[in-house]
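Spelled out, the chains give:
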Amino acid sequence: MSTGTEPTAPPKGSGLRASLRGRSELGVCLILLVLGVLVLTDAVTMDTDITQRGPIGPTTVPIVVGVLLLVVAVLLAVDVLRGGRGEAEGGEDIDLTEPGDWRTVALLAGVFLANAVLIGPLGFPISGALLFWGSAYALGSRNLTRDPLIAAVLSLVTYVVFNNLLGVPLPGGPLMGVL
């Protein structure tokens, strides 16, 4: 965040679109605001039939997180509207004036959606391997022998750690009897 004392270039044109040009951080504020409202709504409507033995119940943490999300959204919006702008870190090697790589974003979104659809019928070991392999492919790795092997190992290790060691049940799918 900046101190808000840096001069900003006047927006080109007129209207709402022109006044929002160069203030993409307001989109982050909107996302934080929506998340805060969702978290608070879920916390307030949460079924708390569990016997509570102290002042802190199951809704305390979600309410605190929701309120903090709203506070951060408002503070960030005020900073952006006062002229504050996020600055690139010194070590970043990207050009912020270049457009985003929408192909990579679309591939990653497709891989995550495919994982969400396939995790039920195929189970985590298979859908997780497809997720890891697809993510590596979307991010530029093209080694067709190494990548699937690493993806399968990562997926199986993740499944075993969560399912067997931590006791967090993950769907096994057709491999349920094998693992």
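Counting restarts for each chain, with residues numbered from 1 along the sequence as it is written. Under the rules for a predicted model, residues below a pLDDT of 70 receive no local features and side-chain atom pairs below 80 are neither given nor counted, while totals for whole chains, interfaces and linings still include all residues. Just so you know, side-chain values use all the structure's heavy atoms and leave hydrogens and water out.

Labelled according to an unreviewed UniProt entry, the protein appears under the name Tripartite tricarboxylate transporter TctB family protein, originating from Streptomyces ochraceiscleroticus.

Q: Outline the pattern of salt bridges, supporting the account with residue identities and numerical values.
A: By definition here, a salt bridge exists when the distance from a side-chain nitrogen of Lys or Arg to a carboxyl oxygen of Asp or Glu is within 4 Å. Under the defined criterion, the tally for this structure stands at one salt bridge. Among the salt bridges present, the one from Arg146 reaches Asp147, with a minimum N-O distance of 3.4 Å.

Q: Break down the side chain of Glu25 for me, citing the residues and quoting the values.
A: Position of Glu25 relative to the elements: it lies in helix α2 (residues 25-44). Each residue gets one of three labels from its accessible area relative to the maximum for its type: buried under 20%, exposed over 50%, partly exposed in between, using a 1.4 Å probe on protein chains only. Judged by its relative accessible area of 17%, Glu25 is buried. A contact between two residues is defined here by any heavy atoms of the two lying within 4.5 Å. Ignoring sequence-local partners within four residues, the contact set of Glu25 consists of Leu76, Val80, Arg85 and Gly86. Numbering of helices and strands runs from the N terminus; a helix is a DSSP stretch of H or I covering at least four residues, while a strand is a stretch of E covering at least two.

Q: Please set out the packing of helix α4 (residues 102-122) against helix α5 (residues 124-138) residue by residue, giving values where relevant.
A: The geometry of α4 relative to α5 is characterised by a closest axis approach of 8 Å and an angle of 175 degrees between their N-to-C directions. The orientation of α4 relative to α5 falls into the category roughly antiparallel. Taking contact as the criterion, the partners of Arg103, Thr104, Leu107, Leu108, Val111, Phe112, Asn115, Leu118, Ile119 and Leu122 in α4 are, on α5, Phe124, Ile126, Ser127, Gly128, Leu130, Leu131, Gly134, Ser135, Tyr137 and Ala138. Partitioning the contact of α4 with α5 into residue classes produces 13 nonpolar, six polar and one charged. Lines are fitted to the C-alpha atoms to define the axes, a helix being fitted only along its stretch in contact, and any angle between axes, read from their N-to-C directions, falls within 0 to 180 degrees. Any angle from 65 to 115 degrees is called roughly perpendicular, while one under 35 is roughly parallel, one over 145 is roughly antiparallel, and all others are oblique. Residue polarity follows a fixed list, in which Ala, Val, Leu, Ile, Met, Phe, Trp, Tyr, Cys and Pro are nonpolar, Asp, Glu, Lys and Arg are charged, and the others, Gly among them, are polar.

Q: So what's going on with the environment of Phe162? Which residues, and what values?
A: If you trace the backbone, Phe162 turns up in helix α6 (residues 146-165). Judged by its relative accessible area of 35%, Phe162 is partly exposed. Residues within four places of Phe162 in sequence aside, it is in contact with Gly167, Val168 and Leu170.

Q: I'd like to hear about the environment of Tyr137, residue by residue, with values.
A: By the secondary structure assignment, Tyr137 is in helix α5. Among the residues examined, Tyr137 registers a relative accessible area of 36% and is labelled partly exposed. In this structure, the C-alpha to C-alpha distance between Tyr137 and Leu107, residues 30 residues apart in sequence, is 8.7 Å. Setting aside its immediate chain neighbours within four residues, Tyr137 contacts Arg103 and Arg142.

Q: Account for the UniProt feature "transmembrane region" (unreviewed entry) in the protein, naming residues and giving values.
A: Under the present numbering, the feature "transmembrane region" (unreviewed entry) in UniProt falls on residues 24-44, 56-78, 105-137 and 149-170. Summarising residues 24-44: 95% helix, 0% strand, and an end-to-end C-alpha distance of 31 Å. Across residues 56-78, helical content stands at 83% and strand content at 0%; the span's end C-alpha atoms are separated by 32 Å. UniProt positions are given in the numbering used here, feature names are shortened, and annotations may be inferred rather than shown by experiment.

Q: A description of the packing of aromatic side chains should follow, citing residues and the corresponding values.
A: Pairing of aromatic side chains here covers Phe, Tyr and the six-membered ring of Trp, requires ring centres within 6.5 Å, and sorts the geometry by plane angle: under 30 degrees stacked, over 60 edge-to-face, intermediate tilted. Applying the stated criterion across every chain, the model contains zero aromatic pairs. A ring has a charge above it when a Lys NZ or an Arg CZ is no more than 6 Å from the ring centre and no more than 35 degrees off the ring normal. One cation-aromatic arrangement involves Arg142 over Tyr137; the distance from NZ or CZ to the ring centre is 3.8 Å.

Q: Talk me through the nonpolar core; I want residue IDs and the actual numbers.
A: Of all hydrophobic cores here, the largest spans eight residues; its members are Leu26, Cys29, Leu32, Leu69, Ala73, Leu76, Ala77 and Val80. The set of elements that each furnish at least two residues to this core consists of α2 and α3 (60-81). The definition of a nonpolar core used throughout is a set of buried Ala, Val, Leu, Ile, Met, Phe, Trp, Tyr and Cys residues joined through side-chain atoms within 4.5 Å.

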